[in-house]
Amino acid sequence: MSQYHIKNFEEYFQVYKKSINQPEIFWEEIAEEHFVWHKKWDSVLEWDFSKPEVKWFEGAQLNITENCLDRHLANRGIKTAILFEPNDPNEDAEHITYKQLHARVCKFANVLKDQGIQKGDRVCIYLPMIPELTVSVLACARIGAIHSVVFAGFSSSALSSRINDCDAKMVITSDGAYRGAKTIDLKGIVDEALEDCESVKTVLVAKRIQSDINMKAGRDQWLQPLLDEAYQDFKAEVMEAEDPLFILYTSGSTGKPKGMLHTTAGYMIYTAYTFKNVFQYTEDDIYWCTADIGWITGHSYIVYGPLANGATSVMFEGVPSHPDYGRFWDIVQKHKVNQFYTAPTAIRALAKQGTSWLKDYDLSTLKILGTVGEPINEEAWHWYNDNVGNNKSPIVDTWWQTETGGIMITPIPYATPTKPTYATLPFIGIQPALMDENSKELTENQVQGRLCIKFPWPSMARTIWGNHERYRDTYFSAFKNMYFTGDGALRDEVGYYRITGRVDDVIIVSGHNLGTAPIEDAINEHQAVAESAIVGFPHDIKGNALYGYVTLKDSGESRNHDNLRKEINQLITDRIGPIAKLEKIQFSAGLPKTRSGKIMRRILRKIACQETDQLGDISTLLNPEVVESIIEESKAIL
Ligand code: 6R9
């Protein structure tokens, strides 16, 4: 039995047991057998959650790009590493082989070096989903610079605050971006951001949309001429295991975004190992994750995890609705995709459009479907399973976070029996715990509590850039000697986990704890409902009452709203009980979402509480314009 590739449920249990009972031996064997090193480690793990300090493979030396590129050249040189599918379906897809990717990364690394970037410098990457994004990420890793990718949909103020937080020396961007039928003036956003950023000395600009842009003399340079001149080999910088690899910002419930810092060896090993097993990747598979590399999902499961396994990873520039709602399925058919990994919000958006968009495409190559980012509701799960997976491809509901670096709770496909809305069992090496409000661990099954992790895993973030105290306070102070995830979860009678949502989403109504997710699930069962979000608002007698925002499918728009309200509350009563009935129901045209598709309940809560003067920053939303109309509609509800 190979510990690296788990093929059935018995193997999962055996390997899991070993990973828990002898974690150091287990991870040492994985590291030894499946990666290339300049020097092996002196110790496998040193940790102390009270500081908190975690070190994996101290003393080891490596470069992650040698593991992702160089070592594949002998046998996979002509295999496609990155399969780039452009925004416009009429533009040719680009198959970048391992050999070509290696050469492009080396050239880019030479350019970075020539521009004065050194090991440890921070480089901010603000690019659309074009090959230069993957290449620049890997080029930073090759020379030991710390990349900080900022999703190219963030505003100039969000960008400048991230650049300033990590004192980036350079920004890599493009003249613009295609996004569906629109173009976005990325360089203009960078120019605006840099008015407030002293640290940035150089801006490298890739050409994508051929627009006329302003180039600031002495600061801005076109990338391509520099690459054309650069030598296509570059000796990788030898990095220590715990040297920083990247910073990625994630928003907290309060305050400015947190720059989560990930380090080299542990991150590499865990993302590679999870990728192999969660997607059961075999040599000729075509794997596609629809996330943007601006999020952790793209870092770990478009770039590092797949490339460390010598996989072919599809990189899609566009959006699921362009030129029409069949685009995802067109790509699956065109490239014969075997593993498809997306988010519940995308599934719901596509489900809303009906199944006619799928029927002209051959989806028979699909073997595994994945979901990530938020709890998947039952209706979306079934829609995905029935229509995309044709009831034959297991769905891996993968729970994890920017902070965890890699997938933490997930089924192993074709091994773990799946259960709708359950992320099921901890991945190898992961020791979850559910805690009650008195900080006591709930050890039995059929319990609900706060989700913590008891033992370090290789890809955990090591700190918040420049603020270790905040790292400790946020993740290691709520429960002694545990990493607190900020999520709630329940464990069913067989030990399967279901993530119930952020614990700040729990609403206490008349003394009863109600999670928003199960109520939203009940509402979403209504055939006229597209999506819903529940928040609490103060109530004289109950303490809190529930306010529901509901968006309707086209089929529901002509229906009588009072009748719909009654039917929705009846469904909730049937599924959960009268205690969970909604006090107020607002039918809205849309819900405010983060760029990664998460519903911003914080904003909806403020509107429900009539505190619209305290909405905070909404500029980073995907759809800030929707907020105004929700406020208007809410006036009719109150
Ligand atoms: C990878 C990613 C993390 C938060 C996390 C949780 C939610 C992610 C989930 C899920 C239920 C899943 N989340 N996956 N909830 N089921 N399968 O999304 O990272 O953007 O940092 O978000 O997303 O609430 O705490 P990130």
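Residues numbered from 1 in each chain as written. Predicted model: local features only at pLDDT ≥ 70, side-chain atom pairs only at ≥ 80, totals over all residues. Heavy atoms only, no water.

Mapped onto this numbering, the UniProt entry gives "domain: Acetyl-coenzyme A synthetase N-terminal" (unreviewed entry) at residues 12–68. The distance separating the terminal C-alpha atoms of residues 12–68 is 26 Å; by composition the span is 47% helix and 25% strand. (UniProt positions renumbered as here; feature names shortened; annotations may be inferred. Helix = DSSP H or I, 4+ residues; strand = E, 2+ residues; numbered from the N terminus.)

Further remarks concern empty space enclosed by the protein. Applying the stated criterion across every chain, the model contains 2 cavities of 30 Å³ or more. Taken as a whole, the largest cavity holds about 50 Å³ of empty space. Around the largest cavity, the lining residues are Asn63, Ile64, Ala141, Gly144, Ala145, Met239, Pro244, Leu245 and Thr264. A class-by-class count of the residues in the lining of the largest cavity yields 6 nonpolar, 3 polar and no charged. Space inside the second largest cavity adds up to approximately 40 Å³. Val149, Val150, Phe151, Phe154, Arg162, Leu248, Tyr249, Gly294 and Trp295 are the residues that line the second largest cavity. (1 Å grid on protein atoms, 1.4 Å probe; cavity = no way out; pocket = protein on both sides within 12 Å on 5 of 7 lines; lining within 4 Å. Points joined across faces, edges and corners; volume = space filled by probe spheres on them. Nonpolar A, V, L, I, M, F, W, Y, C, P; charged D, E, K, R; others polar.)

Strand order in the open sheet made by the 3 strands is E29-E30-E31, with mixed pairing throughout. Each edge of the open sheet is held by one strand with a lone partner, namely strand E29 (529–539) and strand E31 (584–587). With direction set aside, neighbouring strand axes in the sheet form an average angle of 20°. Direction of pairing for strand E30 (residues 543–552) relative to E31: parallel, over a ladder of 4 bridges. Residue pairing for E31: Gly548 is matched across the bridge by Ile585. (Pairing = 2+ DSSP bridges. Axes fitted to C-alpha atoms, helices over the stretch in contact; angles between N-to-C directions.)

For the ligand, the set of nearby residues contains 16 residues, the closest of which are Asp397, Thr398, Thr402, Asp487 and Arg502. Here a nitrogen atom of the ligand sits 3.0 Å away from a polar atom, N or O, in the main chain of Gly373. Taken together, the elements giving at least two residues each to the shell around the ligand come down to helix H11 (296–308) and strand E26 (497–502). A class-by-class count of the residues in the shell around the ligand yields 6 nonpolar, 5 polar and 5 charged. (Near = heavy atom within 4 Å. Polar contact = N/O pair within 3.5 Å; in protein donor to acceptor, adjacent residues only side chain to side chain.)

Running from N to C, helix H2 (residues 23–34) and helix H10 (residues 264–278) point in directions that differ by 85°, and their axes come no closer than 11 Å. Judged on the interaxial angle alone, H10 and H2 are roughly perpendicular. Each of Phe26, Trp27, Ile30 and Ala31 in H2 lies in contact with H10, whose residues at this interface are Ile269, Tyr270 and Tyr273. Looking at the contact of H2 with H10 residue by residue, the classes come out as 7 nonpolar, no polar and no charged. (Parallel < 35°, antiparallel > 145°, perpendicular 65-115°, else oblique. Contact = heavy atoms within 4.5 Å.)

It is worth spelling out helix H1 (residues 9–21) at this point. Here H1 spans 18 Å end to end across 13 residues, near enough to the 18 Å set by a 1.5 Å rise per residue. Along H1, the residues classified as buried are Glu11, Tyr12, Val15, Tyr16 and Ser19. Within H1, the buried residues cover an arc of 125° as seen down the axis, which keeps them to one side. Exposed residues on H1 whose side chains face more than 90 degrees from its buried face are Glu10, Lys17 and Asn21. (Expected span 1.5 Å × (residues − 1). Buried < 20%, exposed > 50% of the residue type's maximum accessible area, 1.4 Å probe, protein only. Arc of directions from axis to C-beta.)

With respect to the helices and strands, Ile331 occurs in helix H12 (residues 327–335). In this structure Ile331 comes out as buried when scored by relative accessible area, which is 0%. Here the alpha-carbon distance between Ile331 and Ala636, two residues 305 residues apart in the chain, equals 43 Å. Setting aside its immediate chain neighbours within four residues, Ile331 contacts Glu85, Trp288, Phe316, Lys336 and Val337.

All right, on to the sheet that holds strand E19 (residues 368–371) then. Read across the open sheet, the 7 strands follow the order E5-E4-E17-E16-E18-E19-E20; overall the sheet is mixed. The open sheet terminates on both sides in strands that have one partner only, identified here as strand E5 (94–97) and strand E20 (395–397). Within this sheet the neighbouring strands show an average axis-to-axis angle of 20°, counted without direction. With 3 bridges joining them, E19 and E20 adopt parallel strand pairing. In the sheet register, Gly370 faces E20, and the bridge partner there is Val396. Its contacts with the sheet place helix H5 (residues 98–114) against strand E4 (80–85) and E5, and it is angled at close to 80° to E5.

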